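Read off the chains here:
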Amino acid sequence: MADPVSLTPAAAGLIRSLRERHGPLMFHQSGGCCDGSAPMCYPAGEFRTGSSDVLLAALRIEEVAEPVEFWMSAAQWELWKHTTLTIDVVPGRGGGFSLEAPDGVRFLIRSRLA
């Protein structure tokens, strides 16, 4: 099976920029409504994961020293486990606490059946 999570070049570029400013990073996607359905980027370890979360990927990005972990709530993954996910970036601000918000862009998940 292919990796369940990948990145667009635009998302990889934004991650490199955020890594320079904030240090190691992580993603979490809860599957809630509104911004809960968008991947949220945090400094690594700032969002506490637990038994209700699944580590889907440790993304390796050129020019980023360490992998960027992508976590999802187990309940959301149960619904999406038959898809492949692509992290992209689009113009506009999300309403959450994701690190890219001040840049006037937001991360977005694109999915397709695996």
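Criteria and thresholds
- Residues numbered from 1 in each chain as written.
- Predicted model: local features only at pLDDT ≥ 70, side-chain atom pairs only at ≥ 80, totals over all residues.
- Heavy atoms only, no water.
- Helix = DSSP H or I, 4+ residues; strand = E, 2+ residues; numbered from the N terminus.
- Expected span 1.5 Å × (residues − 1).
- Buried < 20%, exposed > 50% of the residue type's maximum accessible area, 1.4 Å probe, protein only.
- Arc of directions from axis to C-beta.
- Contact = heavy atoms within 4.5 Å.
- Salt bridge = Lys/Arg side-chain N within 4 Å of Asp/Glu carboxyl O.
- Polar contact = N/O pair within 3.5 Å; in protein donor to acceptor, adjacent residues only side chain to side chain.
- Pairing = 2+ DSSP bridges.
- Lys, Arg positive; Asp, Glu negative; His and termini not counted.

A. Up close: helix α1 (residues 9-22). Between its terminal C-alpha atoms α1 stretches 20 Å, which fits the 20 Å expected from 14 residues at 1.5 Å a residue. Taken together, the buried positions of α1 are occupied by A11, A12, L14, I15 and L18. The buried residues of α1 occupy an angular sector of 160° when the element is viewed end-on, so they sit on one face. Residues of α1 that are exposed and angled more than 90 degrees away from the buried face: P9 and E20. In this structure, the buried side of α1 is in contact with β1 (5-7), β2 (25-29), β3 (40-43), β5 (68-73), β6 (83-91) and β7 (105-113). In the segment just after α1, G23 is the residue with positive phi, at about 85°.

B. Structural detail: the pattern of salt bridges. In this structure the tally under the stated criterion is 4 salt bridges. Among the ionic pairs, R21 bridges to D103, the shortest N-O distance being 2.8 Å. On the criterion of sequence distance, the pair formed by R21 in helix α1 and D103 in the loop between β6 and β7 is long-range, its members being 82 residues apart. Judged by its relative accessible area of 43%, R21 is partly exposed. Using a relative accessible area of 34% as the deciding quantity, one classes D103 as partly exposed. Between K81 and E78 there is a salt bridge whose closest N-O contact spans 2.7 Å. Taking relative accessible area as the criterion, K81 reaches 32% and is therefore assigned partly exposed.

C. Expanded view of the side chain of T8. The residue T8 is located in the loop between β1 and α1 in this model. Look at T8 and you get buried, because its relative accessible area is 16%. One polar contact links the side chain of T8 to the main-chain amide nitrogen of A11, over a distance of 3.1 Å. If sequence neighbours within four positions are ignored, T8 has contacts with T86, I87, D88 and V89.

D. Inspection of the pairing of β6 at higher detail. Counted residue by residue, β6 has 7 buried out of 9 residues, so it is predominantly covered. Taken together, the 3 bridges between β1 and β6 define a ladder with parallel strand orientation. Bridge pairing in β6 links L7 to I87.

E. Structural context of the side chain of E100. Among the secondary structure elements, E100 is positioned in the loop between β6 and β7. No salt bridge is formed by the buried E100; its nearest oppositely charged neighbour, R106, is found at 7.4 Å. Aside from chain neighbours lying at most four places away, what touches E100 is L14, L18, C41, V105, R106 and F107.

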